[in-house]
Amino acid sequence: MSTMTGSMAVTLGLLTAFFALIVFVLYATNRNAKSFSDYAVGGRSFSSWYIAMSYTNSWWPGATYTAFFGLSVGAGVLGFYALAYSLLGVTAMYLMAERAWLWGKRYDLKTQPDMLGLRFQSPAVRVIASAIGVVCLFPWIVLGMQAMGLIFRFASFGQWSVTTCLVVGVAVIAVRQIWTVQMGMRGLVITDLVQGIVAYGLAALVCLGILFGPADSAGFSAVTDLPDALLHVPGDGGTYGHWYLFSLIVTGVIGSLCWPTSYQRIYTAKGVRSVKKGTLQTMVVAGGFYLMLTLVALAAASMTDIAAAPQDGWFTLLYDRGGQWLLGMALVIVLAASMGWIDGCVQVCGAQIANDIVHVISPRTDFQLKVVAKGSMVVYMLASAIVAYIAFDYPRLQLLAQMSYQGIVQLSVPMFLGMFWKRGTKVAALASMCTGFVVAAVLTWQYPDDMPGLGSLTSGVVALGVNLVVYVVVAYLVPHSEPERRRIDELFEAGRSRPEPSLSPTR
């Protein structure tokens, strides 16, 4: 018993020390937002490394060390699909950076739906896009809360009950949210830098240590001796059709900038150069980290205890290699990723509820918007915590998460085509978003994984095709009026040249 108590003191002590560091950073950098724009996008003041770490922290959550690690252990090289779509998605961010940031600066845009509302000059587009984003993020916040419970299950070496672990995990996130609610995006981006160094920098060093470690560890020699079953991807034999892997990658690439948490990072940068440089740095950080984590997972796939419980493999492997100290480090890494990701989701949802739903329906002052955003964040957190507790062992919660991913990509058609094709209208945007989201929801409920009759296309890709057809057809059937055509010409011109510093935001 004394040995177990000592081990728990190490793991819980490391978690407490890291949490105290984050609180110290928040206290040291705390200041009141001067306006709602400052609250929502941090004053558009951050350099490239802040953007890189913030974007990475919004993309690789704590589930990367459980779900994705487990995917690579169980399915082998399929795990690399996430690396492919992540790098391609960051490339899309690079291509969009100039126009998105210039519009944001010139028209004081704060969120992704804000941009859509501007492009289509439609409050309805703005409200619906915001609602889709908020709804689709909710299941992932619930899963993030449950991942926090998993952290404390391992930290307590199974001595705490599931209820206790979940309550403690939710409490940690709830305490962290005090500063997210107070500081808004500024506090989030600053702590993302610290959390990112731990979650991805330290994790990469740990992975390198394992890969180049002693011969009996899960090193490169194990990667070169993988069984044939782990070298095949879906569609290369087996039950899946040849369109399955394509669907996963396409959905990931398109979805990478549809998530409000990712898109809003563009607006926090101090300039176009910071966004573009930050995306290049993101490729190095996010790509390098995930490559090494996947190699470690593949190397560990032959270990009996890890193969028996793949999603626990990250914790099992590090405990096996370094006892309670290395397990504690593994837990801190996952905590860093989980906190940054949940913080980002909650902050963005609060900003969108205030800016793109409440403010559109009934205009409010800056002070009132900050109050609404903060209140929304508190309610959102409480609701997700309650659902996480009630549905901790609910087997179909993952289905809701998959549905949310298939749903969020339906924003891509009006967003991407709206930024680069002048013909799209507000009627086309509304029709395509609503049709795509409904089709995705219905098909995902019926086919949560793939659609065998269509070569294993996923429901999200099928709905996206319907979405695109509706957008293009309606854009031609219901064309712009002449004043609207002139407005869009001016808007596109504004996205090609830098705004003057003295230019006031206009709508």
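Residues numbered from 1 in each chain as written. Predicted model: local features only at pLDDT ≥ 70, side-chain atom pairs only at ≥ 80, totals over all residues. Heavy atoms only, no water.

Student: Requested: an account of the overall build of the chain, with residues and values cited.
Tutor: Scanning the chain from N- to C-terminus turns up 21 helices and zero strands. The C-alpha radius of gyration of the chain comes to 23 Å, within 12% of the 23 Å expected for a compact globule of 507 residues. Taken along its principal axes, the extent of the C-alpha atoms in the chain is 75 × 55 × 40 Å. Burial analysis of the chain (507 residues in total) assigns 58% to the buried set. Considering only residue pairs separated by 6 or more positions, the chain has 86% of its internal contacts joining residues 24 or more positions apart. Taken as a whole, the chain presents about 19600 Å² of accessible surface, with 67% of it coming from carbon and sulfur. (Helix = DSSP H or I, 4+ residues; strand = E, 2+ residues; numbered from the N terminus. Rg over C-alpha atoms; globule rule 2.2 N^0.38 Å. Buried < 20%, exposed > 50% of the residue type's maximum accessible area, 1.4 Å probe, protein only. Contact = heavy atoms within 4.5 Å. Areas by Shrake-Rupley, 256 points an atom, 1.4 Å probe, with all protein chains shown as cover.)

Student: Go over the packing of helix α8 (residues 162–183) against helix α15 (residues 313–361) with me, naming the residues and quoting the values.
Tutor: For any two helices packed against each other, the geometry is given by the interaxial angle and the distance between the axes. Interaxial distance between α8 and α15 falls to 10 Å at its minimum, and their mutual angle equals 50°. Viewed along their axes, α8 and α15 adopt a mutual orientation that is oblique. For α8 against α15, the interelement crossing comes out right-handed. Between α8 and α15, the contacting residues are Val172, Ile173, Arg176, Gln177 and Thr180 on the first element and Leu335, Met339, Ile342, Asp343, Val346 and Gln347 on the second. Residues that form the contact of α8 with α15 fall into these classes: six nonpolar, three polar and two charged. (Axes fitted to C-alpha atoms, helices over the stretch in contact; angles between N-to-C directions. Parallel < 35°, antiparallel > 145°, perpendicular 65-115°, else oblique. Left-handed = near helix turned anticlockwise from the far one by under 90°. Nonpolar A, V, L, I, M, F, W, Y, C, P; charged D, E, K, R; others polar.)

Student: Summarise helix α9 (residues 185–211); cite the residues concerned and give the values.
Tutor: Given a rise of 1.5 Å per residue, 27 residues ought to cover 39 Å, and the 37 Å separating the end C-alpha atoms of α9 matches this to within 8%. For α9, the tally of buried residues reaches 20 of 27 residues, placing the bulk of the element in the interior. (Expected span 1.5 Å × (residues − 1).)

Student: Can you break down the pattern of salt bridges residue by residue, with the values?
Tutor: Oppositely charged side chains are able to pair whenever their charged atoms sit close together. For the structure shown, the criterion picks out twelve salt bridges. Measuring nitrogen to oxygen at the nearest pair gives 2.7 Å for the salt bridge that ties Arg485 to Glu482. Note that Arg485 and Glu482 are positioned in helix α21 (residues 482–494) at a spacing of three residues, about one turn of the helix. On the basis of relative accessible area, Arg485 is assigned to the partly exposed category, the value being 35%. Taken together, the salt bridges that share partners define one network made up of Arg44, Asp108 and Lys110. (Salt bridge = Lys/Arg side-chain N within 4 Å of Asp/Glu carboxyl O.)

Student: Please set out the packing of aromatic side chains residue by residue, giving values where relevant.
Tutor: The geometry of an aromatic ring pair is captured by two quantities: the separation of the ring centres and the angle between the planes. The final tally for this structure, using the stated rule, is 19 aromatic pairs. Relative to Phe492, the ring of Trp103 has its centre 5.9 Å away and its plane inclined at 70°; by these criteria the two rings are edge-to-face. With Trp103 in helix α5 (residues 81–107) and Phe492 in helix α21, this pair connects stretches of sequence that are 389 residues apart. With respect to burial, Trp103 and Phe492 carry one shared label: buried. Look at Tyr200 and Phe289: their rings are 5.1 Å apart centre to centre, the planes differ by 70°, and that puts the pair in the edge-to-face class. Of this pair, Tyr200 sits in helix α9 while Phe289 sits in helix α13 (residues 272–300), and the two are 89 residues apart along the sequence. Across the pair, Phe289 and Tyr200 agree in class, each one buried. Here Arg119 stacks its cationic end above the ring of Phe120, 4.6 Å away from the centre of that ring. (Phe/Tyr/Trp six-rings, centres within 6.5 Å; stacked < 30°, edge-to-face > 60°. Lys NZ or Arg CZ within 6 Å of the ring centre and 35° of its normal.)

Student: Any chance you could break down the nonpolar core for me, citing the residues and the numbers?
Tutor: Judged by nonpolar contacts, the single largest core of 161 residues is most densely connected at Leu15, Tyr65, Trp103, Met115, Tyr263, Trp314 and Phe315. Top contributing element to this core by residue count: α15, with 23 residues. The residues touching Tyr65, leaving out its near neighbours within four places in the chain, are Ala199, Tyr200, Ala203, Phe289, Leu293, Gln311, Trp314, Ile333, Val334 and Ala337. (Core = buried A, V, L, I, M, F, W, Y, C linked by side-chain atoms within 4.5 Å.)

Student: Any chance you could break down the environment of Ala129 for me, citing the residues and the numbers?
Tutor: Mapped onto the elements of the fold, Ala129 is located in helix α7 (residues 123–155). By relative accessible area, which is 0% here, Ala129 ends up buried. With 281 residues separating them along the chain, Ala129 and Gln410 place their C-alpha atoms 9.5 Å apart. In this structure Ala129 touches Pro113, Leu116, Leu411 and Met433, once residues within four positions along its chain are discounted.

These results come straight from atomic positions and should not be treated as a statement about function.
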